[in-house]
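Chain residues, written in single-letter form:
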Protein chains: 2
Amino acid sequence: MTSTSERLLDAAQALAQQRGFNAFSFRDLANRLGITNAGIHYHFPKKADLGRALIARYRRNVAEALTEVDRTAGSATDRLKGFIASYADGLRKERLCLGVMLASETVTLPDEVQSEVRSFFAALEDWLTRVLEDGRTAGEFHFEGAAEDEAALVLSTVEGAMLSAWPLRSVKPVQALARFETVMQRFLNGLAPS
Amino acid sequence: MTSTSERLLDAAQALAQQRGFNAFSFRDLANRLGITNAGIHYHFPKKADLGRALIARYRRNVAEALTEVDRTAGSATDRLKGFIASYADGLRKERLCLGVMLASETVTLPDEVQSEVRSFFAALEDWLTRVLEDGRTAGEFHFEGAAEDEAALVLSTVEGAMLSAWPLRSVKPVQALARFETVMQRFLNGLAPS
DNA sequence: GTCTATAGGCAGATAGAC
DNA sequence: GTCTATCTGCCTATAGAC
């Protein structure tokens, strides 16, 4: 009972996270849904429209998921671990974070899509900033200076860990995931109070 | 007095670092050199051949640059800073690290190119491992456990910092660079002995 | 909403002249 | 080594029937 638009976005998201936004066509999408290429243009006139809808929905879904993490996690540490676990999940599902993929494609993306990508990262950083502040107040984390800056470091590390595991994933999925986990565990150790 | 092959690789590298390997064509290359598309196939029969040559040369050039860093730097800290500075340079020149770009394109790349990308990252990690071991021995760095694992963290962080600055770079180059520098300075602080 | 048909352009690649 | 000419195929996108 999901609409064609939603199913199109689901298929587009999977393809974009695996291959990149520029590396799938309306035909790829059409084949997956069992319709023809022309049918898609009814829902998304231009590919840029699809791109904008894609990243906007992704941002909403991630925001919801993080709210759920806030609700269920018992501590700032758990919230941060929940965040990191969602990246590991993506790796298991052969999906790069959509933000990471679109960030690398920045130069070739329509302007509206580019600005959505920036908003997406800004939202992640805002959430991370709150978690880090809460964790520092509670004595769970130790770091110097502004929580905003530490949030930028967290985001850089998790994105970089996922990206550098990505080429390895194609040939050795288990090692790639282990590598990601090791890197992030190491990072978390550095955040622990001494 | 540089050969056409070299000039082709120069142009291809610039385009690949800005737009991605799949986002430039033989025609783009041809236009930049003032020749025609067909002429390129004499030097590189298939695009995969160009890709392999591109990343292989890049790996050699980076290896040379790091050897030069080893030669001129006075300490492990300086060597690590030299490494990080080369990423900042790329950002200033509107170029993403070629490894980062190709890593994100992994799934769509010819197998031979994929394995070159993995070798490239392995070489960086080997170099970083040596620097970290030297620095720890000399008392410049403090970290627990294997230097190999710490090297993976360093690489993840610097790649992620560059990638997350990339979308911002298109609209606010100065802030993007500042952001990269802030993140990496923060990381270096965490490596300092207390 | 989805179809068929088609336009117009660009991709990688090849043959053969010079 | 580089050219012209050309092939084949895929891309985004549109018009108009159902």
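Residues numbered from 1 in each chain as written. Chains lettered and ligands numbered in written order. Predicted model: local features only at pLDDT ≥ 70, side-chain atom pairs only at ≥ 80, totals over all residues. Heavy atoms only, no water.

> Got a sec to walk through the nonpolar core? Specific residues and values, please.
Formed by 134 residues in total, the largest nonpolar core has its most connected members in Leu-80, Phe-83 and Phe-180 of chain A together with Leu-80, Phe-83 and Phe-180 of chain B. Apart from the residues within four sequence positions on either side, Phe-83 of chain B is in contact with Leu-66, Leu-124, Trp-127, Leu-128, Leu-155 and Val-158 of chain B. (Core = buried A, V, L, I, M, F, W, Y, C linked by side-chain atoms within 4.5 Å. Buried < 20%, exposed > 50% of the residue type's maximum accessible area, 1.4 Å probe, protein only. Contact = heavy atoms within 4.5 Å.)

> Hey, could you go over the protein's contact with DNA strand C for me, with residue numbers and the actual values?
Surveying the vicinity of DNA strand C reveals 17 residues, the closest of which are Thr-36 and His-43 of chain A together with Phe-26, Asn-37 and Lys-47 of chain B. Taking the atoms of DNA strand C that fall within 4 Å of the protein, sugar and phosphate contribute 67% of them. The contact in question runs from a phosphate oxygen of DNA strand C to an N or O atom on the backbone of Thr-36 of chain A, over 2.6 Å. Every element with two or more residues in the surface near DNA strand C is listed here: α3 (37-43) of chain A together with α2 (26-33) and α3 (37-43) of chain B. Partitioning the surface near DNA strand C into residue classes produces seven nonpolar, seven polar and three charged. (Near = heavy atom within 4 Å. Polar contact = N/O pair within 3.5 Å; in protein donor to acceptor, adjacent residues only side chain to side chain. Helix = DSSP H or I, 4+ residues; strand = E, 2+ residues; numbered from the N terminus. Nonpolar A, V, L, I, M, F, W, Y, C, P; charged D, E, K, R; others polar.)

> Kindly report on α2 of chain B, identifying the contributing residues and their values.
Residue and element names in this part refer to chain B. Every buried residue of α2 is accounted for by Phe-26, Leu-29, Ala-30 and Leu-33. Across the axial projection of α2, the buried residues extend over an arc of 100°, all falling on one side. In α2, those exposed residues whose orientation departs by more than 90 degrees from the buried face are Arg-27 and Asn-31. Packed against the buried residues of α2 are α1 (4-18), α3 and α4 (47-72). (Arc of directions from axis to C-beta.)

> Can you lay out the environment of Leu-191 of chain B for me, pointing to particular residues and giving the numbers?
Residue and element names in this part refer to chain B. Tracing the chain through its elements places Leu-191 in helix α9 (residues 173-191). Once the C-alpha coordinates of Leu-191 and Gly-34 are considered, the two residues, 157 residues apart in sequence, prove to be 49 Å apart. Apart from the residues within four sequence positions on either side, Leu-191 is in contact with Leu-80, Leu-132, Glu-140, Phe-141, His-142, Phe-143 and Glu-150.

> Describe the pattern of salt bridges, with residues and values.
Should the charged atoms of two oppositely charged side chains come close, the side chains can pair. What the rule picks out here adds up to 24 salt bridges over all chains. A salt bridge links Arg-186 of chain A to Glu-150 of chain B, with the shortest nitrogen-to-oxygen separation between them at 2.4 Å. With Arg-186 of chain A in helix α9 (residues 173-191) and Glu-150 of chain B in helix α8 (residues 147-169), this residue pair bridges two chains. Take Arg-186 of chain A and Glu-150 of chain B: they sit in the same class, and that class is buried. For Asp-49 of chain B, the salt bridge goes to Arg-52 of chain B, with nearest N and O atoms at 2.8 Å. You can see Asp-49 of chain B and its partner Arg-52 of chain B sitting in helix α4, three residues apart, about one turn around the helix. Look at Arg-52 of chain B and you get partly exposed, because its relative accessible area is 32%. (Salt bridge = Lys/Arg side-chain N within 4 Å of Asp/Glu carboxyl O.)

> Please set out the protein's contact with DNA strand D residue by residue, giving values where relevant.
Surveying the vicinity of DNA strand D reveals 16 residues, the closest of which are Ser-25, Arg-27 and Lys-47 of chain A together with Thr-36 and His-43 of chain B. Within 4 Å of the protein, the atoms of DNA strand D are drawn from sugar and phosphate moieties in a proportion of 68%. Take Phe-26 of chain A: an N or O atom from its main chain is 3.0 Å from a phosphate oxygen of DNA strand D. Mapped by element, the contributors of at least two residues to the surface near DNA strand D are α2 (26-33) and α3 of chain A together with α3 of chain B. Taken together, the residues of the surface near DNA strand D break down into six nonpolar, seven polar and three charged.

> I'd love a proper account of the interface of chain A and chain B, names of residues and values included.
Interface extent is often summarised as the accessible area lost during association of the parts. Facing the 41 residues of chain A at the interface are 41 residues of chain B. Counting the surface chain A buries against chain B, the share from its top three residues, Ser-104, Leu-163 and Arg-186 of chain A, is 20%. At the junction of chain A with chain B, the criterion picks out 13 residue pairs in polar contact (both at pLDDT 80 or more). Elements supplying a minimum of two residues to the side of chain A that touches chain B: α6 (98-104), α7 (111-137), α8 (147-169) and α9 of chain A. At 14 residues, the largest contribution of residues to the side of chain A that touches chain B is made by α8 of chain A. Its residues assigned to classes, the side of chain A that touches chain B comprises 20 nonpolar, twelve polar and nine charged. (Buried area = accessible area lost by both parts, 1.4 Å probe.)

> Can you explain the relation of the copies chain A and chain B? Please cite residues and give values.
Note on the identical chains: chain A maps onto chain B by a rotation of 180° and an axial translation of 0.0 Å, with an RMSD of 0.0 Å. Here the two chains are linked by the operation of a two-fold rotation axis. Across chain A, the smallest distance between a C-alpha and the rotation axis is recorded for Gly-160 of chain A, namely 1.8 Å. Same-surface contact between copies: 100% of interface residues of chain A are shared with the interface of chain B. (Least-squares fit on C-alpha atoms with pLDDT ≥ 70 in both.)

> Account for the packing of helix α5 (residues 76-92) of chain A against α8 of chain A, naming residues and giving values.
Residues and elements named next belong to chain A. For the pair α5 and α8, interaxial distance at closest approach is 10 Å and the crossing angle is 20°. Of the possible angle classes, the one that applies to α5 and α8 is roughly parallel. In this structure, α5 meets α8 at a crossing whose hand is right-handed. Seen from α5, the contacting residues are Leu-80, Phe-83, Tyr-87, Gly-90 and Leu-91; seen from α8, they are Val-154, Leu-155, Val-158, Met-162, Ala-165, Trp-166 and Arg-169. When its residues are assigned to classes, the contact of α5 with α8 shows ten nonpolar, one polar and one charged. (Axes fitted to C-alpha atoms, helices over the stretch in contact; angles between N-to-C directions. Parallel < 35°, antiparallel > 145°, perpendicular 65-115°, else oblique. Left-handed = near helix turned anticlockwise from the far one by under 90°.)

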